[in-house]
Structures are given as structure tokens and as C-alpha cells.
Amino acid sequence: MVNRLAALAPRWRRSDAHGWWFLAPYLVLLLVFGLLPTGYAIYNSFVVANAAGAGGSVGTGNYQHVFADFRFLPALAHVGMFLLLWLPPMVIGVLFFALLLHDRVSRVTGAMRLIFFLPGAVTGSASVLLWYCMLQPSLSPFAPMLKAMGLTSDAEVFQNGNLTLIFAIMAFTTGVGQWIVIMYGALQNISDEVLEAAALDGCGPVRRALLIKLPMVTKYVLYMVILSFAAGVQIFVEPQLIYQITRSAGSPWWSLNQLGYTLAFQSGDFGGAATVSVVLLAISTLAALLLIFRTDFFSTEMDR
């Protein structure tokens, strides 16, 4: 037995070495573009002087300065309302369409996946400009419908009270299709024998989806929620471009990310901007940890 283990040891070491070689590029990128910038931002948030004139080792002065800023709480409220309007419908929509595609497999399923994915090909600034043209009554192909609703100018459409809903619609159309494709791929991993056994036991399509399919792709759903939440907290392009175009809808600090941008490049307050970035990191990290530790996200079949 000892000789057999000794013979296998070099093979295990070679296998471990191959794994580390595959992992090395990711670790380098994580260090250079993830951990080092994060550490630099945290350092600046405690050391760099803020706009109030604090110098030297400012400690928590930047955090006190940012939290007392009249723009911080409104920006936080805007981001929170945006997440409430966007994240639940997106998760429900992704699951509904992915389960529908998986349950109704046919020759058109592939075409439907492509149709769902296409809106996601237009993202970022291009998506914002497209939606602005769609909602601008003088440019939109839906101008008659907009005018029937009493909307005859962009000022009536892009009112401050409508912005959160408009941004949620923009984010929904650009993000839902990609996640549908990913979730459909996750559903493909479910064994056909399991689904056939459920059908033989009298389980209908709805019960099969809710009681069998969803529990088996829970980790993919959590993964989608974590990444989507982090992206939603950092919303920037939509409010920034809409404000630049209209000069009346929103503000340069409508979202937390915009506030950080304004502090850094308009006020020269790099300590405050670093503080906002640390706040964004803390919100996303705490939400992710809450989901991870309240579920069996990292459990495997060997742990059960």
C-alpha cells in the first residue's frame, strides 16, 4: 500500500501543477485588475484629503464627508428604487422564458434563443441612445402611441419621476436575453430520466418546473442575482447619458457611481470618490455574502 501511494504521489503533484498553470492567468488578472485597485481605493478613502480640506491621515473623515453630502442619500435612494423595479422582474422573466423554452423544445427553440439574445447585443451607450430615440416623440416609430398617451416632447417623457422606470426598462431589455440563454443551458443539465420519472408520477409542466427544475438550478439563479445586483448598484451609463442629452432629466449625481465620478473629475475630491467606490464594493459584497451563506451555494454532492 505504501509503495502504491508513493507511486501515485508524483502523478498527483503533476496534476496539481497543471491545475495551477491553468489558474495562474486568472490569478494574475484578479490581482492586477481586482485586488490591487480595491486595496488602492480603500487606502485612498482613509488617507487622501477630502474636499473639506482635511489633510494628512484623514481617517474616517472622507466617510463622514460623503455621508453628510446632500447628494449621497438621494443617489442611494435612486439606486435602491432602480433595483426594486428592475431586479425582481428580470429574475422572474428570465426563469419564466427559460423554463418555457426548456419545456417546449422544438425546431424553433434555437431561433427563439437567438431572438432573446439579440437585444443584449446592443448594450451600454448604444442601448441608451436607441431607447432615447424610441421614447423621443419626434423620432420614435411609436410616436402616435406616445402622443395618444399625451407625451408630445422629450421633456414630458424624461421627467425625473419617470427616470427610474425608464432605466429599469433599458436594463431589462439589454440583460434579460443573455441570462435566458445561460439559464436554458443550466436546465439542459437536468437528467431526462428525472423528468420522465416525474411525468410518469403525474407531475404536470407547472409542478415539474416549480418542484423539480427550479430546485436543481438554484445555484445558477443565485449566481444571476449576485452579478445582476452588483451591476445594478453600479448603474452609471443610463443616467449619465440621459442627463447629457436632455440637460434636464436627472442630474450629474443621480446614482452613486455618478456621484463618485463627479467628486473625482469635477470636484477633484479623489478621497471622496474612493469612498463612494468602497461603499459600492461594501454593498455588493455584503449582499453576495448574505446570499451565499444563507444558501448552500458552494456545497457539492460530496458534502451532502
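Values in this document were obtained by computation on a predicted structure and should not be read as measured data.

Looking now at the overall build of the protein. Of the regular secondary structure elements, the protein holds 14 helices and zero strands. Along the protein, from the amino end to the carboxyl end, the secondary structure elements read α-α-α-α-α-α-α-α-α-α-α-α-α-α. Across the 304 residues in the protein, those meeting the buried criterion constitute 37%. Considering only contacts within the protein whose residues lie at least 6 apart along the sequence, 65% involve residues at least 24 apart. For the protein, the exposed surface amounts to about 18000 Å²; the carbon and sulfur share of it is 69%.

Let us now look at helix H11 (residues 218-233). Residues spaced three or four apart along an α-helix point in a common direction, a consequence of the helix completing one turn every 3.6 residues. Taking 1.5 Å per residue, 16 residues should reach 22 Å; H11 reaches 22 Å between its end C-alpha atoms and fits that length. Those residues of H11 that fall on the buried side of the exposure criterion are Val221, Leu222, Met224, Val225, Ile226, Ser228, Ala230, Gly232 and Val233. Looking at the buried residues of H11, the elements they touch are helix H3 (72-103), helix H8 (160-187) and helix H14 (270-293).

Trans peptide bonds make up the majority, and among non-glycine residues the majority have a negative phi. Unusually for a residue other than glycine, Arg247 sits at a positive phi of about 60°. Assignment of secondary structure puts Arg247 in the loop between helix H12 (237-246) and helix H13 (256-265).

Below, the discussion takes up helix H10 (residues 205-216). Here H10 spans 15 Å end to end across twelve residues, near enough to the 16 Å set by a 1.5 Å rise per residue. Where H10 is concerned, the buried positions are Arg208, Ala209, Ile212 and Lys213. The buried residues of H10 occupy an angular sector of 130° when projected down its axis, which confines them to one face. Looking at H10, the residues exposed on the side facing more than 90 degrees away from the buried face are Val206, Arg207, Leu210 and Leu211. Residues of H10 that are buried make contact with H3, H8 and helix H9 (192-200).

Glancing now at the nonpolar core. Ranked by internal contacts, the top residues of the largest apolar core, which has 59 residues, are Phe158, Phe167 and Ile242. Of all the secondary structure elements, the ones that give two or more residues to this core are H3, helix H5 (124-135), H8, H9, H10, H11, H13 and H14. Ranked by the residues each element gives to this core, the list is headed by H3, at 14 residues. Excluding its chain neighbours within four sequence positions, the residues that come into contact with Phe158 are Tyr132, Leu135, Leu163, Ile166, Ile242 and Ala249. Among the nonpolar cores identified, the runner-up in size contains five residues, and Ile226, Ala288, Ile292 and Phe297 belong to it.

Looking now at the pattern of salt bridges. Across all of its chains, the model carries one salt bridge by this definition. Notably, a salt bridge pairs Asp69 with Arg71, separated by 2.8 Å at the nearest N-O pair.

So, on to the packing of aromatic side chains. Following the criterion strictly, the structure yields twelve aromatic pairs and no others. Summarising the aromatic geometry, the rings of Phe67 and Phe72 are spaced 5.2 Å apart at their centres and angled 55° between planes, so their arrangement reads as tilted. Residue Phe67 is classed as partly exposed on the basis of its relative accessible area of 43%. Of the residues examined, Phe72 reaches a relative accessible area of 6% and is grouped as buried.

On to the side chain of Gln136. Locating Gln136 in the fold gives a position in the loop between H5 and helix H6 (143-148). When its relative accessible area of 8% is taken as the criterion, Gln136 is described as buried. Beyond its immediate chain neighbours, meaning those up to four positions away, Gln136 contacts Ser153 and Asp154.

The subject of this paragraph is the confidence of the model for the protein. Summarising the model, the protein shows a mean pLDDT of 84, and 88% of its residues fall at 70 or more. Within the protein, helix H4 (residues 109-117) has the poorest average pLDDT of any element, 73, and H13 the best, 93.

Moving on: the packing of H8 against H11. Contact geometry for H8 and H11: axes closest at 10 Å, N-to-C directions at 160°. By the criterion of interaxial angle, the relationship of H8 to H11 is roughly antiparallel. Here H8 runs over H11; the crossing is right-handed. The residues of H11 that touch H8, namely those facing Trp179, Met183 and Ala186, are Tyr220, Val221, Tyr223, Met224, Leu227 and Ser228. The class makeup of the residues in the contact of H8 with H11 is eight nonpolar, one polar and no charged.

Definitions and cut-offs
Residues numbered from 1 in each chain as written. Predicted model: local features only at pLDDT ≥ 70, side-chain atom pairs only at ≥ 80, totals over all residues. Heavy atoms only, no water. Helix = DSSP H or I, 4+ residues; strand = E, 2+ residues; numbered from the N terminus. Buried < 20%, exposed > 50% of the residue type's maximum accessible area, 1.4 Å probe, protein only. Contact = heavy atoms within 4.5 Å. Areas by Shrake-Rupley, 256 points an atom, 1.4 Å probe, with all protein chains shown as cover. Expected span 1.5 Å × (residues − 1). Arc of directions from axis to C-beta. Core = buried A, V, L, I, M, F, W, Y, C linked by side-chain atoms within 4.5 Å. Salt bridge = Lys/Arg side-chain N within 4 Å of Asp/Glu carboxyl O. Phe/Tyr/Trp six-rings, centres within 6.5 Å; stacked < 30°, edge-to-face > 60°. pLDDT = per-residue confidence, 0-100. Axes fitted to C-alpha atoms, helices over the stretch in contact; angles between N-to-C directions. Parallel < 35°, antiparallel > 145°, perpendicular 65-115°, else oblique. Left-handed = near helix turned anticlockwise from the far one by under 90°. Nonpolar A, V, L, I, M, F, W, Y, C, P; charged D, E, K, R; others polar.

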